[in-house]
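Architecture and fold: a report
So the chains spell out like this:
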Amino acid sequence: MFNIDIYNEISQKIENFGKKTNIIAVSKNHPKQAVEKALLHGVKIFGENRVQEAQTKFKDLKKNHTDLELHLTGSLQTNKVKDAIKLFDIFHTLDREKLAREFVKVGGLKDKKFFIQVNTGKEKSKSGVYLEHLREFVEYCKIGLSLNVIGLMCIPPIDDEPKKHFTILANEARKNNLFHLSIGMSADYVEAINFDASYIRIGTALFGERN
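Report follows, based on the coordinates. (Residues numbered from 1 in each chain as written. Predicted model: local features only at pLDDT ≥ 70, side-chain atom pairs only at ≥ 80, totals over all residues. Heavy atoms only, no water.)

**A word on the environment of F166**
Mapping F166 onto the fold places it in helix α7 (residues 162-175). Taking the relative accessible area as the measure of exposure, F166 reaches 0% and is therefore buried. Sequence-wise, F166 and T120 are 46 residues apart; in three dimensions their C-alpha atoms are separated by 9.0 Å. The residues touching F166, leaving out its near neighbours within four places in the chain, are C154, P156, I183, G184, D188, E191, A192 and F195. (Helix = DSSP H or I, 4+ residues; strand = E, 2+ residues; numbered from the N terminus. Buried < 20%, exposed > 50% of the residue type's maximum accessible area, 1.4 Å probe, protein only. Contact = heavy atoms within 4.5 Å.)

As structure tokens, this is what we get:
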């Protein structure tokens, strides 16, 4: 279930650092009851990795909580875009031209925001744009397709220092005139806060181990 003490502890750290980082409570693989408990404590920003799971938990909740903000933090198949647009507000894993075109094709993008996922470690097991293709992809999405790309996201390799990858991402964001970073999870969020992350994605620390 949702741990409000940990949430408050992270919120206090953000305040102590003088930052404006937002906490995404990543509720994937946790029951709707855990989300409802978080809502009772005033949490408004949630993250899910799969469209179908998110629908079962959030379709009604979003109708009853109009200020609830739902983020897609997992990879997205093109055949799920239509359903995803109806449910999610911010997408953190825009990673290929085919997906970008599908968003435009389906439409309904008013007020939707996008982060481009960058594969800073060139890991074959992870999605994301490689650094050498990033500028071209940013221009394609922003200028060619007029998508509202607001920032960059990455997941550092598990055996690497997160700071190294957060530094790379922050530098790339500046080069591309993007002003938001989606970085940091339960194990490295303190480092992410220090990098002025706009969003940190916290799952295990708030909800416990996934089912």
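**Some remarks on the pattern of salt bridges**
Under the counting rule described, the total for this entry stands at 13 salt bridges. The salt bridge involving K19 is made with D196; its shortest N-O contact spans 2.8 Å. On the criterion of sequence distance, the pair formed by K19 in the loop between α1 (4-16) and β1 (22-26) and D196 in the loop between α8 (189-194) and β8 (199-202) is long-range, its members being 177 residues apart. Taking the shortest distance from any N to any O, the salt bridge between R101 and E97 comes out at 3.6 Å. Here R101 and its partner E97 are both found in helix α5 (residues 97-106), four residues apart, which amounts to about one turn of the helix. (Salt bridge = Lys/Arg side-chain N within 4 Å of Asp/Glu carboxyl O.)

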